[in-house]
Structures are given as C-alpha cells and as structure tokens.
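# Notes for the structure review
Given next are the chains, with one letter for each unit.
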Amino acid sequence: MLICHCKGVTDSAVRELVAAGVNDVERLAALCGAGSDCGSCLEFLSEVVVGVAGRPSEGSVSTRAPALTGPVG
C-alpha cells in the first residue's frame, strides 16, 4: 500500500527498513523519503517504528509533524 504519495513509498518498504534496524522517523525519512515532504505520513511512520521496533521513535510525530493553523483561505 502506498503510504507516502509525495515520494511514492510503500508501507512494505518502510517496514523493511524498520525491521533492518532503522528505529526513528528522521532516519526513515532520510533513507526512503517518506515523511520528508508534506508530513502527512509521519504518524504512520511513527506507528511502524513503535510496532516493529517495540519502542517510541526518537523522531516522534509530535515534534516532526507540521502544525495545523486552521482553515486555509
């Protein structure tokens, strides 16, 4: 399943990196590009790191996600 539309990254690509030892969101973004553009997939990345690695990521969503400031317009 495509989880990062900006960079065309699949969930399996992210899971493979985490299984190989990548254990923080910032490193994932550097390696595969997911989470490095609009940020909409950062929550998924964090969930995979916690689910596969079994611990919270160092680059947690709360510190990396763009802030929402209200309606655009």
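Residues numbered from 1 in each chain as written. Predicted model: local features only at pLDDT ≥ 70, side-chain atom pairs only at ≥ 80, totals over all residues. Heavy atoms only, no water.

Before going further, it helps to spend a moment on the overall build of the protein chain. The number of helices and strands found in the protein chain is four helices and two strands. When its helices and strands are written in sequence order, the protein chain yields β-β-α-α-α-α. The burial tally for the protein chain puts 33% of its 73 residues in the buried class. For the protein chain, long-range pairs separated by at least 24 residues make up 49% of all intrachain contacts whose partners lie at least 6 apart in sequence. (Helix = DSSP H or I, 4+ residues; strand = E, 2+ residues; numbered from the N terminus. Buried < 20%, exposed > 50% of the residue type's maximum accessible area, 1.4 Å probe, protein only. Contact = heavy atoms within 4.5 Å.)

One pass over the structure, following the stated rule, counts one salt bridge. A salt bridge links Arg-15 to Asp-11, with the nearest nitrogen and oxygen atoms 3.8 Å apart. Separated by four residues within a single helix, Arg-15 and Asp-11 lie in helix H1 (residues 11-19), roughly one turn from each other. A relative accessible area of 38% means that Arg-15 is categorised as partly exposed. Of the residues examined, Asp-11 reaches a relative accessible area of 16% and is grouped as buried. (Salt bridge = Lys/Arg side-chain N within 4 Å of Asp/Glu carboxyl O.)

Counting residues in each nonpolar core, the largest one holds 15 residues, and the members touching the most others are Ile-3, Val-14, Leu-28, Ala-34 and Leu-45. Elements with a minimum of two residues in this core: strand E1 (2-4), H1, helix H2 (25-32) and helix H3 (42-53). The element that contributes the greatest number of residues to this core is H3, accounting for five residues. Residues contacting Leu-28, with those up to four places away along its chain left out, are Val-14, Leu-17, Val-18, Val-22, Gly-33, Ala-34, Leu-45 and Val-49. (Core = buried A, V, L, I, M, F, W, Y, C linked by side-chain atoms within 4.5 Å.)

Here the focus is the confidence of the model for the protein chain. Considering every residue of the protein chain, the mean pLDDT works out to 77; 70% of them sit at 70 or more. Mean pLDDT in the protein chain bottoms out at helix H4 (residues 61-64), which sits at 40, and peaks at strand E2 (residues 9-10), which reaches 94. Note on residues 57-70: pLDDT is under 50 here. Beyond four places in sequence and across chains, it has 20 contacts. (pLDDT = per-residue confidence, 0-100.)

Taken residue by residue, H2 has Val-25, Leu-28 and Ala-29 as its buried positions. The arc that holds the buried residues of H2, viewed along the axis, is 100 degrees, so those residues lie on one side. Between a side-chain oxygen at the N-terminus of H2 and the backbone nitrogen of Glu-26 the separation is 3.2 Å; the capping residue is Asp-24. The first or second residue beyond H2 is Gly-33, which carries a positive phi of 95 degrees. (Arc of directions from axis to C-beta. Polar contact = N/O pair within 3.5 Å; in protein donor to acceptor, adjacent residues only side chain to side chain.)

The next point concerns the environment of Ala-13. Tracing the sequence through the fold places Ala-13 in helix H1. Residues Ala-13 and Ile-3 lie ten residues apart in sequence; the distance between their C-alpha atoms is 9.8 Å.

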